[in-house]
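Remarks on the overall topology
Listed here are the chains, written in short residue letters.
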Amino acid sequence: MRVLQLIDSLDAGGAERMAVNLANALTSSVERSYLCATRAEGMLKQGLVAEVGYLYLNRRSTLDLAALQRLVRFVQQEQIGIIHAHASSFFIATLLKLIVPKLRLIWHDHYGNSEFLDQRPKRMLRWCSRFFSAVIAVNADLATWNREVLKCSTITFLPNFVLPYQSKAETALAGATGKRILCLANLRPQKDHATLFKACQLVFANYPDWSLHCVGQDNDDEYTKQLKNMVRDLGLETRVWFYGSCPDTGSIIAQCDIGVLASASEGLPLALLEYGQGGLAVVATAVGDCERVITSAAYGSLVPAGDLEALAAALSQYISDSTARQTVAKALNGYVSTHYAQDSVVSKLLSIYNY
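This one's a predicted model, so the numbers in the text were calculated from it and none came from an experiment.

The next point concerns helix α2 (residues 65-78). Taking 1.5 Å per residue, 14 residues should reach 20 Å; α2 reaches 20 Å between its end C-alpha atoms and fits that length. Its buried side turned inward, α2 meets β1 (2-9), β2 (32-40), β3 (53-56), β4 (82-86) and α3 (90-99). Within two residues after α2, Q79 carries a phi angle of roughly 55°, on the positive side.

Pasting the structure below:
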């Protein structure tokens, strides 16, 4: 079995990290594991292990025929039989399938706005889905939507999983040791940093030694400028820090004490699993499949999306009670290790490939 993970970029994001994780994990389970970045490389490329075969297409448009031809040649030369397309790469994967019909095409749905599926564009995806051998959804709501909308009979819910990070420590966080809150999320509206900043203003009024550290892609666009202006207007310039995308996530988590996600919508956020793997107490919004990870108060705190008072209260509880913070962090670490480990997910994935 030779399997190619297909992803549009290797920028730091949940779908991109899962593509890398799967390519790495499969090296010990299939004859040969590959990854192709179609549009852009990125910092996650350095996370690929040496055994993964790699291709960069430098695809410049939706119908870049030269890039498609390079992909076809690579697949045929390497005798690849399974294409595992992630997120928006489904279109070029479908074109590839039309040229090489014997390929088995698996599409992995990482759609993050699962709270707003009624607004999701679907016309092209639905047409392409008739060529999918199977669809993998990262949360239950997405699986239901796929069954109702797509023209593929095999729809499977498969949770994300985490792998230990091997990256070299590069990022030194500001703020006081033992008093750091981490938000691992790209700077985009879905992640609702605005509510988080307002909640932190309430929290830091009572706990001025604590700080918030935002790690995630910064596009330097109008939205991110508004966020940074908000931090200034709230008087949090010395309490809220931005780092952009960083390769050393494990090292960053090790420098923090609480992990937070204030998202308006999610699938099954990889950041949540990374917090658990890294031993952080977690506060997250009750969206997507977060409740599948934080199944009870024993594993962390879930609050309603957009409720800054509830978010502030949950953060304050862990700040004021270090024993509770350490207890839930340890419990979540054990739960993630048991339920979101590599072996169980890869075993289920292989059964999908072989179906």
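What follows is about a nonpolar patch on the surface. On the surface, L98, I99, M124 and W127 cluster together into a nonpolar patch covering about 380 Å² of accessible area. Elements with a contribution of two residues or more to the nonpolar patch: α3 and α4 (123-128). Mapped onto the fold, I99 is located in helix α3. Judged by relative accessible area, which is 46%, I99 ranks as partly exposed.

What follows deals with the packing of helix α6 (residues 193-206) against helix α7 (residues 222-233). Orientation of α6 relative to α7, taken along the N-to-C sense of each, is 5°, at an axis distance of 10 Å. When the axes of α6 and α7 are compared, the pair comes out roughly parallel. Facing H193, A194, F197 and K198 of α6, the residues of α7 in contact are Y223, L227, M230 and V231. Counted by class, the contact of α6 with α7 contains six nonpolar, one polar and one charged residues.

Right, let's talk about the sheet that holds strand β6 (residues 134-137) for a bit. Ordered by their spatial adjacency, seven strands build an open sheet running β3-β2-β1-β4-β5-β6-β7, and the pairing between neighbours is parallel. The sheet terminates laterally at β3 and β7 (155-157), the two strands that pair on one side only. Each neighbouring strand pair of the sheet contributes to a mean axis angle of 20°, computed without reference to strand direction. Pairing analysis gives four bridges linking β1 to β4, with the strands arranged parallel. Bridge pairing links L6 to A85 in β4. Together, β1, β2, β4 and β5 (104-109) form the strand contacts of helix α1 (residues 14-25), whose direction differs from that of β1 by roughly 160°.

For the rest of this paragraph, the subject is unusual backbone geometry. If you check the backbone angles, N58 has positive phi at about 55° while not being a glycine. Tracing the chain through its elements places N58 in the loop between β3 and α2. N58 sits in the partly exposed class, given a relative accessible area of 27%. Of note, the phi angle at D192 is positive, near 50°, even though the residue is not glycine. Mapped onto the elements, D192 comes out in the loop between β8 (180-184) and α6.

What follows deals with the pattern of salt bridges. A full pass over the atoms with the stated rule returns 10 salt bridges. In this structure, the salt-bridge partner of E274 is R17, at a minimum N-O distance of 3.3 Å. Here R17 lies in helix α1 and E274 lies in helix α9 (residues 270-277), a separation of 257 residues in the sequence. You can call E274 buried: its relative accessible area is 4%. By relative accessible area, which is 12% here, R17 ends up buried. A salt bridge links D289 to R292, with the shortest nitrogen-to-oxygen separation between them at 3.0 Å.

Moving on, we get to the pairing of β2. Taken together, the seven bridges between β1 and β2 define a ladder with parallel strand orientation. Within β2, the residue paired with R2 across the bridge is R32. Once the chain exits β1 it traverses α1 before rejoining the sheet at β2, and the crossover so formed is right-handed. Bridge analysis of β2 against β3 gives four bridges, and the strand direction is parallel. Within β3, the residue paired with A37 across the bridge is Y56.

Further remarks concern helix α11 (residues 308-320). Given a rise of 1.5 Å per residue, 13 residues ought to cover 18 Å, and the 18 Å separating the end C-alpha atoms of α11 matches this to within 8%. Those residues of α11 that fall on the buried side of the exposure criterion are L311, A312, A314, L315, S316, Y318 and I319. On its buried face, α11 is in contact with β8, α6, β11 (258-261), β12 (281-285), β13 (301-303) and α12 (322-339). Taking the backbone nitrogen of E309 as reference, a side-chain oxygen 3.3 Å away marks D307 as the first, capping residue of α11.

The rules behind each value
- Residue positions are counted from 1 within each chain, in the order its sequence is given.
- Per-residue local features are limited, in this predicted model, to residues with pLDDT of at least 70; the limit for side-chain atom pairs, both in listing and counting, is 80 or more; totals at the level of whole chains, interfaces and linings are taken over all residues.
- Calculated side-chain values reflect all of the structure's heavy atoms, with hydrogen atoms and water omitted.
- A run of H or I in DSSP becomes a helix once it reaches four residues, and a run of E becomes a strand once it reaches two; helices and strands are each numbered from the N terminus.
- The span one expects for a helix is its residue count, reduced by one, times 1.5 Å.
- Residues are treated as being in contact if the distance between any of their heavy atoms lies within 4.5 Å.
- Patch criteria: residues need more than 30% relative accessible area and no salt bridge. Like-charged residues are merged within 9 Å; nonpolar side chains of Val, Leu, Ile, Met, Phe, Trp and Tyr are merged within 5 Å.
- We get accessible surface area from the Shrake-Rupley algorithm with a probe of 1.4 Å; when it comes to residues, only the shown protein chains can shield them.
- By convention in these notes, a salt bridge is any Lys or Arg side-chain nitrogen within 4 Å of a carboxyl oxygen on Asp or Glu.
- Any residue under 20% of the maximum accessible area for its type is buried, any over 50% is exposed, and the rest in between are partly exposed; the area is computed with a 1.4 Å probe on protein chains only.
- For helices, the axis comes from a line fit to the C-alpha atoms of the stretch in contact; other axes are also lines fit to C-alpha atoms, and the angle between any two N-to-C directions lies between 0 and 180 degrees.
- Geometric relationships in this document are graded by angle, where less than 35 degrees denotes roughly parallel, more than 145 denotes roughly antiparallel, 65 to 115 denotes roughly perpendicular, and other angles denote oblique.
- Residue type decides the class: Asp, Glu, Lys and Arg count as charged, Ala, Val, Leu, Ile, Met, Phe, Trp, Tyr, Cys and Pro as nonpolar, and the leftover types, Gly among them, as polar.
- Strands pair, by our definition, only if DSSP identifies at least two bridges between them.
- When the strands point away from the viewer, a crossover counts as right-handed if the path from the first strand over the helix to the second runs clockwise.
- Definition of a polar contact: a pair of N or O atoms within 3.5 Å, with one able to donate and the other able to accept a hydrogen when the atoms are protein atoms, and with sequence-neighbouring residues admitted only if both atoms are side-chain atoms.

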